Amino acid sequence: MSWTRRSRLFERDALPHLPALYRVARQLAGAAAADHLVQETFLRAWKYFETFDSTTNCRAWLFRILRNVWINRWRKTHLELPLAEMGEEQIEPYYDWEDEFLREEISAGIEHALSDLPADYRLTILLADVEELTYEEIARVMECQIGTVMSRLNRGRKMLARFVRNYDQERSSGPKSAAFSRRKP
Amino acid sequence: MMDCKNIREILDLYVDGELSPEASVQVETHLAECVACRNTVARLNRLRHAVKTAVKQYQLPAQLIDQVRQSTVFQWRRATTWVLVAATVLLVAVLGFFSSQVRATVADGLEVAAFHLDDSRATVMEGKLLCRDCLLKDEYGYHAMCPTRGHHGSLQTSDGKIWHILDGDASEELIHNSKLLGRTVRIHGRCFRRASSVEVDSYEVL
């Protein structure tokens, strides 16, 4: 592939996904590290662009790179990546959603709740709910089975709902307890 | 026919559009009749919507767009631009060198240098004896008078330069004996570079 063609295709296929990559990076890594994460992702994408199969979803390919860059970054800083817990193949019915919770507009606590989710659950939810990737595409990004994607979505959403509820309850019970007990990613 | 338990096990697939069309129809049939399941779907969708709204608020910083473009597609364009500039300069230089005007300028420069470096000295020159007028005729179309006035021997050295042989006792044969034309000779004498001339003390035909 000539450089001119490569550049043109990269501009056409990869660069338009910058906003999507950024918002997910922002949720994954926080405001301070998001820029670097995105830049490194696109540098790698540019480097290996010839390996990209243009018949597939470029955005999903970029998310896969982003995830790998992010994991490597965590490894470099010697922090343990909070991966999904064991037994994640299980899917539970939505029986515990019968209370008042989620009948009203969801509070601002959603952002805090999201950042409290285990990393792979969080990314799976972002890819499904924000980026609207198919389960198959998510499985490729996350390098896991479709069944794992389904269970992460199922458990992640329930977990997320609980976190939001707890946050709302803590906020409404008083300013001192408003501090959200965050699990560090 | 799906019941509430079946429906709630596949709600994620339903809201994510991952069910087959037939299964979706079955879910929708059930939802049309079951308020509790409808509410559950509404809550799930509200949660999904809240996630989307929260995350989509992040605006891509303008400088990040520039940085990414600079480090990817523009990086090679800059490099390519420099390569093109360098190639153009080289091409112009090469073409220029072979253009008669530039060549003449360079030749003039060399002549000036030679003029300033000139110093007549005893020398031994070796070259081919050729008719100067015939050479000029072949190369520049000079109207040579050789057919009527006879050839005029000159020395062409290996660098292509034509040396005028100054008249003298020792050089008579070299200048006027046409039979020596085309022979290689070694001349002992003095060269006057500024005048492109050589004074002959002696010579030998090789």
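This structure is a prediction, so every number in the text was calculated from the model and none was measured. (Residues numbered from 1 in each chain as written. Chains lettered and ligands numbered in written order. Predicted model: local features only at pLDDT ≥ 70, side-chain atom pairs only at ≥ 80, totals over all residues. Heavy atoms only, no water.)

Colleague: Provide a residue-level description of the overall build of chain B, including the pertinent values.
Modeller: Assigned secondary structure in chain B consists of 10 helices and five strands. When burial is assessed residue by residue, chain B has 33% of its 206 residues classed as buried. Contacts spanning at least 24 positions in sequence make up 56% of the contacts within chain B whose residues lie at least 6 apart. (Helix = DSSP H or I, 4+ residues; strand = E, 2+ residues; numbered from the N terminus. Buried < 20%, exposed > 50% of the residue type's maximum accessible area, 1.4 Å probe, protein only. Contact = heavy atoms within 4.5 Å.)

Colleague: Describe the state of the cysteines, naming the residues involved and giving the relevant values.
Modeller: In total, this model carries zero disulfides over all chains according to the counting rule given. Take Cys146 of chain B: it sits in no disulfide, and the sulfur closest to it among the cysteines is that of Cys131 of chain B, at 3.5 Å. (Disulfide = S-S within 2.5 Å.)

Colleague: Explain the interface of chain B and chain A to me, and be specific about the residues and the numbers.
Modeller: Contact residues are listed per partner, giving 39 residues for chain B and 48 residues for chain A. Between chain B and chain A the total buried area reaches about 4,100 Å² when both faces are included, carbon and sulfur atoms providing 64% of it. Residue Arg48 of chain B is joined to Asp129 of chain A by a salt bridge in which the shortest nitrogen-to-oxygen separation is 3.3 Å. For the pair chain B and chain A, the number of links is 11 residue pairs in polar contact (both at pLDDT 80 or more). Of the residues forming the side of chain B that touches chain A, the biggest block, 13 residues, is contributed by helix H4 (residues 35–56) of chain B. Of the residues assigned to the side of chain B that touches chain A, the class counts are 19 nonpolar, seven polar and 13 charged. (Buried area = accessible area lost by both parts, 1.4 Å probe. Salt bridge = Lys/Arg side-chain N within 4 Å of Asp/Glu carboxyl O. Polar contact = N/O pair within 3.5 Å; in protein donor to acceptor, adjacent residues only side chain to side chain. Nonpolar A, V, L, I, M, F, W, Y, C, P; charged D, E, K, R; others polar.)

Colleague: Describe in detail a negative patch on the surface, supporting the description with residues and values.
Modeller: Together, Asp167, Asp169, Glu172 and Glu173 of chain B line one region of the surface with negative charge. Within the secondary structure, Asp169 of chain B is located in the loop between strand E3 (162–165) and helix H10 (172–176). (Patch = residues over 30% accessible without salt bridge, like charges linked within 9 Å, V, L, I, M, F, W, Y side chains within 5 Å. Areas by Shrake-Rupley, 256 points an atom, 1.4 Å probe, with all protein chains shown as cover. Lys, Arg positive; Asp, Glu negative; His and termini not counted. Charge placed at Lys NZ, Arg CZ, Asp CG, Glu CD.)

Colleague: I'd like a rundown of the pattern of salt bridges, residues and numbers included.
Modeller: Across all of its chains, the model carries 21 salt bridges over all chains by this definition. Salt-bridge contacts for Lys52 of chain B lead to Glu132 of chain A; the nearest nitrogen and oxygen are separated by 2.3 Å. Of this pair, Lys52 of chain B sits in helix H4 while Glu132 of chain A sits in the loop between helix H6 (119–130) and helix H7 (135–142), which puts the two residues in different chains. One salt bridge connects Arg140 of chain A with Glu136 of chain A, and the closest N-O pair in it is separated by 3.6 Å.

Colleague: Mind laying out the packing of aromatic side chains, listing which residues take part and the relevant values?
Modeller: Both the distance between ring centres and the angle between the ring planes are used here to describe each pair of aromatic rings. Residue and element names in this part refer to chain A. This structure, assessed with the given rule, holds six aromatic pairs over all chains. Here Phe10 and Trp46 contribute two aromatic rings whose centre-to-centre distance is 5.1 Å and whose plane-to-plane angle is 80 degrees, an arrangement assigned as edge-to-face. Taken together, the positions of Phe10 in helix H1 (residues 3–14) and Trp46 in helix H3 (residues 31–47) put the pair 36 residues apart, joining distant regions of the chain. Neither Phe10 nor Trp46 differs from the other in exposure class; each is buried. Taking the centre distance of 5.9 Å and the plane angle of 20 degrees together, the rings of Phe49 and Phe52 count as stacked. Across this residue pair, the class does not change: Phe49 and Phe52 are buried. The structure contains a cluster of three or more aromatic residues connected by ring pairs, namely Phe10, Phe42, Trp46, Phe49, Phe52 and Trp61. Positioned over the ring face of Trp46 is Arg6, at 4.6 Å from the centre of the ring. (Phe/Tyr/Trp six-rings, centres within 6.5 Å; stacked < 30°, edge-to-face > 60°. Lys NZ or Arg CZ within 6 Å of the ring centre and 35° of its normal.)

Colleague: So what's going on with a nonpolar patch on the surface? Which residues, and what values?
Modeller: Taken together, the side chains of Trp82, Val85 and Val89 of chain B make up a nonpolar region of the molecular surface, amounting to roughly 340 Å² of accessible area. Topologically, Val89 of chain B is positioned in helix H6 (residues 73–98).

Colleague: Explain the environment of Leu62 of chain A residue by residue, including any values.
Modeller: Residue and element names in this part refer to chain A. Inspection of the secondary structure assignment puts Leu62 in helix H4 (residues 58–76). Judged by relative accessible area, Leu62 falls into the buried class, the value being 0%. Taking the C-alpha atoms as reference points, Leu62 and Val38, 24 residues apart in sequence, are found 9.7 Å from one another. When residues no more than four places from it in sequence are discounted, the contact partners of Leu62 are Ala14, His17, Leu21, Thr41, Phe42 and Ala45.

Colleague: Give a detailed account of the nonpolar core, specifying residues and quantitative values.
Modeller: Nonpolar side chains in soluble globular proteins tend to end up buried together. Counting 78 residues, the largest nonpolar core has Phe10 and Phe42 of chain A together with Val51 of chain B as its most contacted members. What Phe42 of chain A contacts, discounting residues up to four positions off in sequence, is Phe10, Ala14, Leu15, His17, Leu18, Leu21 and Leu62 of chain A together with Val68 and Thr72 of chain B. Residues Met125, Leu174, Ile175 and Ile187 of chain B belong to the second largest nonpolar core, which totals 13 residues. (Core = buried A, V, L, I, M, F, W, Y, C linked by side-chain atoms within 4.5 Å.)

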